[in-house]
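Reading the structure
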Amino acid sequence: MDVKEFNKKLQVKLREASAKLNIKLNLDEVIPPPDVADAVFEAAIDYGAEVGLYNNDTSRVLQFSRAELIETAHTRKPEFNIGEGKDMVTIRARHFGDKSLPVRMPGPAGVPITEEYYVPLHLSYAKLPEVQGIVPGCLTTARGFKNLAATPAEVVLAMQEARLLQEVARWAGKPGMPLGEVPMSAMNDPGIIAAYAPGGYRATNSLIPIQVYPGLKIGWHHLNIAAFAQEQGIEVWGMAFVVMGAFARDPIETAIKTIAGELALMSFTNGNLLYSATIPTGAIKSYKPVLPTEALKFLAKTRNMEICLVCTAGAVFKAATKASLIENALMAFAPSVAGAAVVSFGESGMGTIVNGSTGMEGKIICETAMAAAGVDDRKEANRIVGNVVSMLMQQAMKGEKGKTFPECYDVGKVEPLDEFKQLYAEAKKDLRQAGIPFKY
Amino acid sequence: MSTKEIAEAIEQLEGAKAEELVMKALNEGANPWEILQEGIVKGIKAVGDKFGKGEYFLLELQEGAELAEKLLPLVKPRLTTDQSKPKGTVVMATVKGDLHDIGKNLVIMQLSLNGYKVHDMGMDNPAMNIINKAKEVEADVIGLSALLLSTIPAQGEVIQNLKELGLRDKYIVVVGGGATTQKWATQIGADGWGVDAVQAVAVIDQLVEKKGAGK
């Protein structure tokens, strides 16, 4: 099938699915009513069976039947262990109002990090008592090689990342801690597979990423990594990437398309874990469509599947600002209430600033996710989110500049400077006042 | 019958009505250049503007581009050779190692809607393939898209290769994508950078006009 034809079909069918639901989402209410979430899940199964996934490399469509997608939805592992020895954690499917704590795996996900700071920056996350695992940043260089995609440098960088990240785990006193979405320093098959060479990542301590591309596209890359993961027994850190404002117009369409893509992804990877992010185009910038979309996606899945979901927090604002801490907390809260099994990421500056993330952003998402566990009143959760959004908008007006890791940490001791500790305390105090029920 | 009605029908993506209005205007002896500029071009530009405002989405852009493809052949035979030329020829590519194409596709649709002839090279293109394509189609502009920090250096590689081949001044090179900034574009010696698809067209328009490329 011609890709243009597929693109048109996926949009026309998506609009039909949305029109059939005829739901107007109240964007002031971040966590939606349960019946809305259930209807979206059903629509996603129908939609997924209708459009399938497009393989860019073969120009063919991978078609799944409705029965196959339903089977996938109901045969995921509701829990699995990852990590080694005393640091092994059990990732368990959670649900709205669940009192059990989500697993905490923050990290400077995808942030470019220089070799010089790679170990201490990750250690700033890994050493925190709340943290059970980490998701890494991207090495900018290794042994003189620049990180250039689709070159042999990817192999060198991915292998070096694996060595350094496991060194971080040892330094943190958690040598068997799980390492999520690895490798981050390579995106092509040779680099990804090289990271699992002897001395590198192992099936027992890591999760390998596979993402359906926007527009429900995959290629041989996805199938290669899925085959590698299954042969090696590596759990998949899966995602269907949907850009809101492009193929999908609004939260309902974004949720339908994402879930359809995720079910198809799990059908060919046999994966048991999904991470999620709502990526808006330039036209949609406010938090209003993003947060309700995330909460809707989480609720639709946690109500209709026994599935381990990862909430990926993160901030547009730069590191070591109050705005970044508040934004990270905001992005961690609603999905954790809605049933996230793992809270992760926690980077700043949209993950694009070299060395521009710190463990303190990871700390705030862990504490927030732990606080969210047990919040079982939808109205109360929505009230808290509303308060935090208002607080963030006010903070945003202050135009804080932000800092990089070496500017706000004592790098030798891997400790935040007093000024940053003070800022953290203030942000947490404000968030507590906004209603987040921190445990301590 | 006015060109305004044609523009409005296109903006509303009413294909059959737009086609009928264009034919009627031509049969009534209206100036084809005016039909093109004041009717079709204005209408398709309005489609692009609506996308920029978040009122239209990819499907509408695609429909707008298809409508333009249908209407232009009706008018073109009645234009002078000079009038029927595109604003410029653009080679658009996602660079080597990068498998993300949604941003590039948006720019392509916006450029097509704005009167450029665009050659879409898809994803994961080695630098020399892009340069060879630009030579082959006698491009005015090379557009390079990359999402990731590990793939944006490949944008610089294209520019470096152009310099080494003595071709740098022959092409306008614009870059874009998630991890790029104006600072990055300046650093690698690109001629322009756009934050999104709408701005990309404005940047290219300006650069093409300044260089006197295209027409």
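Report on the accompanying structure. Quantities reported herein were computed from a predicted structural model and do not represent experimental measurements. (Residues numbered from 1 in each chain as written. Chains lettered and ligands numbered in written order. Predicted model: local features only at pLDDT ≥ 70, side-chain atom pairs only at ≥ 80, totals over all residues. Heavy atoms only, no water.)

1. Topic: the nonpolar core
The nonpolar side chains of a soluble globular protein tend to be buried, and buried together. To keep it simple, the criterion reads: Remark: nonpolar core denotes a set of buried residues (Ala, Val, Leu, Ile, Met, Phe, Trp, Tyr, Cys) joined through side-chain atoms within 4.5 Å. Relative accessibility decides the category of a residue: with a 1.4 Å probe and only protein chains considered, values under 20% of the type maximum give buried, values over 50% give exposed, and everything between is partly exposed.
Counting 201 residues, the largest nonpolar core has Ile91 and Ile256 of chain A as the members making the most contacts within it. Formed by 28 residues, the second largest nonpolar core is a distinct cluster that contains Ala93, Ile142, Trp184 and Ala190 of chain B.

2. Thoughts on the pattern of salt bridges
Selection rule: A carboxyl oxygen of Asp or Glu within 4 Å of a side-chain nitrogen of Lys or Arg is what we treat as a salt bridge. Only DSSP runs of H or I covering at least 4 residues are called helices, and only runs of E covering at least 2 are called strands; the numbering of each starts at the N terminus.
With the rule as written, the count across this model stands at 32 salt bridges over all chains. Two residues, Glu11 of chain B and Lys50 of chain B, come together in a salt bridge whose shortest N-O distance is 3.8 Å. With Glu11 of chain B in helix α1 (residues 3–11) and Lys50 of chain B in helix α3 (residues 32–52), this pair connects stretches of sequence that are 39 residues apart. Residues participating in the shared-partner salt-bridge network are Glu130, Lys363, Glu367 and Lys428 of chain A.

3. Quick notes on the side chain of Arg15 of chain A
Definition in use: Here, residues are in contact when the closest pair of their heavy atoms is within 4.5 Å.
The topology assignment puts Arg15 of chain A in helix α1 (residues 3–21). The exposure class assigned to Arg15 of chain A is buried, which follows from its relative accessible area of 14%. Once residues lying within four places of it in the same chain are set aside, the contact partners of Arg15 of chain A are Arg249 and Glu253 of chain A together with Phe57, Leu59 and Glu60 of chain B.

4. As for the sheet that holds strand β3 (residues 141–145) of chain B
All names here are of chain B. As a reminder, the rule being used: Note on pairing: two strands pair once DSSP finds at least 2 bridges between them. Interaxial angles span 0 to 180 degrees and are taken between N-to-C directions of axes, which are lines fitted to C-alpha atoms, for helices over the stretch in contact.
On the basis of which strands lie adjacent, the open sheet formed by five strands has the order β2-β1-β3-β4-β5 and parallel pairing. In this open sheet, the two strands that pair with only one neighbour each are β2 (116–120) and β5 (192–193). Pairing of β3 with strand β4 (residues 172–176) involves five bridges; the strand directions are parallel. Residue pairing in the sheet places Val141 in a bridge with Ile172 of β4. Where helix α5 (residues 102–113) meets the sheet, its contacts fall on β1 (88–94), β2 and β3, and the angle it forms with β2 comes to roughly 155°.

5. Structural notes on the interface of chain A and chain B
On the side of chain B, 23 residues touch chain A, which itself brings 24 residues to the contact. The tally of links between chain A and chain B comes to two salt bridges. By residue number, the principal contributor to the side of chain A that touches chain B is α1 of chain A, which donates six residues.

6. So, the packing of aromatic side chains
Residue and element names in this part refer to chain A. Operational definition: In this analysis, rings of Phe, Tyr and Trp, with Trp reduced to its six-membered ring, are considered paired at centre separations within 6.5 Å, and the interplanar angle assigns stacked below 30 degrees, edge-to-face beyond 60, and tilted for intermediate values. The rule for a charge over a ring is simple: NZ of Lys or CZ of Arg within 6 Å of the ring centre, and within 35 degrees of the ring normal.
A complete count under the given rule lists eight aromatic pairs over all chains for this structure. Ring geometry for Phe6 versus Tyr54: centroids 5.2 Å apart, planes at 35°, classification tilted. Separated by 48 residues along the polypeptide, Phe6 in helix α1 and Tyr54 in strand β1 (residues 53–55) bring together distant segments of the chain. Accessibility expressed as a relative area gives 0% for Phe6, which makes it buried. Ring geometry for Tyr275 against Phe345: centres 5.9 Å apart, planes inclined by 35°, an arrangement best described as tilted. In this pair, Tyr275 is assigned in strand β14 (residues 273–276) and Phe345 in strand β17 (residues 342–345), connecting sequence segments 70 residues apart. In terms of burial, Tyr275 and Phe345 fall into one category: buried. Clustering of aromatic rings is evident, with ring pairs tying together Tyr117, Phe405, Tyr409 and Phe420. For Lys301, the ring lying beneath its charged end belongs to Phe298, and the centroid distance is 5.8 Å. Lying over the aromatic face of Phe438, Lys428 brings its terminal NZ or CZ to 5.1 Å of the ring centre.

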